[in-house]
Amino acid sequence: PGYPGYSGEIPLDAATLPETLRAAGYETIMVGKWHNTPAADNVPGGSKHNWPTQRGFDTFYGFMDGETNHFFPTRLMLNNQVLPIDEYPRDYYAGDDWMNQGIRFIKDLRTSDTEKPFLLYVANNAVHSPIQAKPSDLAKYKGRYDDGWTAARLARHGRQLEMGLTPPGTKMPASDPRAPRWEDTAPANRPLYTRHMEAYAAMLDNADQNVGKLVAYLTAIGELD
């Protein structure tokens with residue numbers, strides 16, 4: 001905040017998607033990261049006019065800050081209340097929690113109403129910092145990026161051409177000038193760089209797994225379409 005045209009919040013005269021759908025008879029559910037409320041209002045004593053449940057969501061489970069620990073989220077909330085959590089399970093991971101709760105909210109809805117349409121908005125905090133991944137997901141990518149980011153870009157570009165995702169003859173764009181070529185990096189720093197890439201990939205893998213979990217559930221109850 002403090003810059004012209006940027007207040008850090010959605011104007012009240014700009015209708016949100018959940019506000020529009022709720023007015024049309026939908027159940028509206030959100031899990032994950034909100035981050036659409038200025039920090040000064042992001043406290044129990046602050047104005048709640050731009051909190052999730054005031055901007056169209058019947059149910060909100062997640063956090064309202066810009067980032068949080070993926071293994072121990074701070075100020076985890078249900079609707080307008082901070083949940084009194086002092087300890088998380090040893091295998092807790094935020095990305096899993098968002099989807100598990102989202103599916104639970106759909107199940108709760110369907111136990112009382114089998115027809116009401118719903119919006120489930122899953123706002124992952126992957127792959128936002130802090131870059132943290134589960135050990136089981138990290139293990140899949142051990143050594144995957146040891147050749148560096150230049151080689152990874154070339155390999156991905158080649159696969160995109162082979163799969164027809166990009167037209168034949170598409171040239172790979174130049175790398176961001178702020179990022180050095182892999183061969184120009186200090187060898188002593190490369191283990192850290194590869195670890196960053198492994199962790200980033202593992203976080204995205206987990207997000208994919210959870211999307212798959214939701215697709216499987218909606219398929220099982222006959223509501224994927």
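Residues numbered from 1 in each chain as written. Predicted model: local features only at pLDDT ≥ 70, side-chain atom pairs only at ≥ 80, totals over all residues. Heavy atoms only, no water.

Asks: Describe the nonpolar core, and please don't skip the residues or the numbers.
Replies: In this structure, Trp98, Ile106, Leu120 and Leu214 are the most contacted members of the largest nonpolar core, which totals 19 residues. Elements represented by at least two residues in this core include exactly strand S1 (27-33), strand S2 (59-63), helix H2 (94-112), strand S5 (118-123) and helix H5 (190-220). For this core, the element with the highest residue contribution is H2, accounting for 7 residues. Apart from residues lying up to four places away in sequence, Leu214 is in contact with Met99, Ile103, Ile106 and Leu120. Among the nonpolar cores identified, the runner-up in size contains 12 residues, and Tyr93, Tyr141, Met197 and Met203 belong to it. (Core = buried A, V, L, I, M, F, W, Y, C linked by side-chain atoms within 4.5 Å. Buried < 20%, exposed > 50% of the residue type's maximum accessible area, 1.4 Å probe, protein only. Helix = DSSP H or I, 4+ residues; strand = E, 2+ residues; numbered from the N terminus. Contact = heavy atoms within 4.5 Å.)

Asks: Quick rundown of the packing of aromatic side chains? Include the residues and the values.
Replies: What describes a pair of aromatic rings is the distance from one ring centre to the other and the angle between the planes of the rings. All chains considered together, the criterion is met by 10 aromatic pairs. For the pair Trp149 and Trp182, a centre-to-centre distance of 4.9 Å together with 85° between the ring planes defines the contact as edge-to-face. With Trp149 in helix H4 (residues 149-163) and Trp182 in the loop between H4 and H5, this pair connects stretches of sequence that are 33 residues apart. Under the relative-accessibility criterion, Trp149 is labelled partly exposed at 22%. Overall, Trp182 belongs to the buried group, its relative accessible area being 7%. One cation-aromatic arrangement involves Lys48 over Trp51; the distance from NZ or CZ to the ring centre is 5.0 Å. (Phe/Tyr/Trp six-rings, centres within 6.5 Å; stacked < 30°, edge-to-face > 60°. Lys NZ or Arg CZ within 6 Å of the ring centre and 35° of its normal.)

Asks: Tell me about a nonpolar patch on the surface, and please be specific about residues and values.
Replies: Residues Val211, Val215 and Leu224 make up a contiguous nonpolar surface patch of about 220 Å² in total accessible area. Of note, Val215 is situated in helix H5. A relative accessible area of 36% places Val215 in the partly exposed class. (Patch = residues over 30% accessible without salt bridge, like charges linked within 9 Å, V, L, I, M, F, W, Y side chains within 5 Å. Areas by Shrake-Rupley, 256 points an atom, 1.4 Å probe, with all protein chains shown as cover. Salt bridge = Lys/Arg side-chain N within 4 Å of Asp/Glu carboxyl O.)

Asks: Provide a residue-level description of unusual backbone geometry, including the pertinent values.
Replies: Note the cis peptide between Ala126 and Val127, where omega equals 5°. Inspection of the secondary structure puts Val127 in the loop between S5 and helix H3 (135-140). Look at Arg75: it is not a glycine, yet its phi comes out positive at around 55°. Residue classification places Arg75 among the partly exposed positions, given a relative accessible area of 25%. In this structure, Asn79 takes a positive phi of about 60° despite not being glycine. Along the chain, the position of Asn79 falls in the loop between strand S3 (77-78) and strand S4 (81-82). When its relative accessible area of 26% is taken as the criterion, Asn79 is described as partly exposed.

Asks: Now, about the environment of Tyr193: what can you tell me, with residues and values included?
Replies: Locating Tyr193 in the fold gives a position in helix H5. Here Tyr193 falls in the partly exposed class, since its relative accessible area comes to 25%. With 75 residues separating them in the primary sequence, Tyr193 and Phe118 have C-alpha atoms 42 Å apart. Ignoring any residue separated from it by four or fewer positions in sequence, one finds Tyr193 in contact with Trp149, Trp182 and Thr185.

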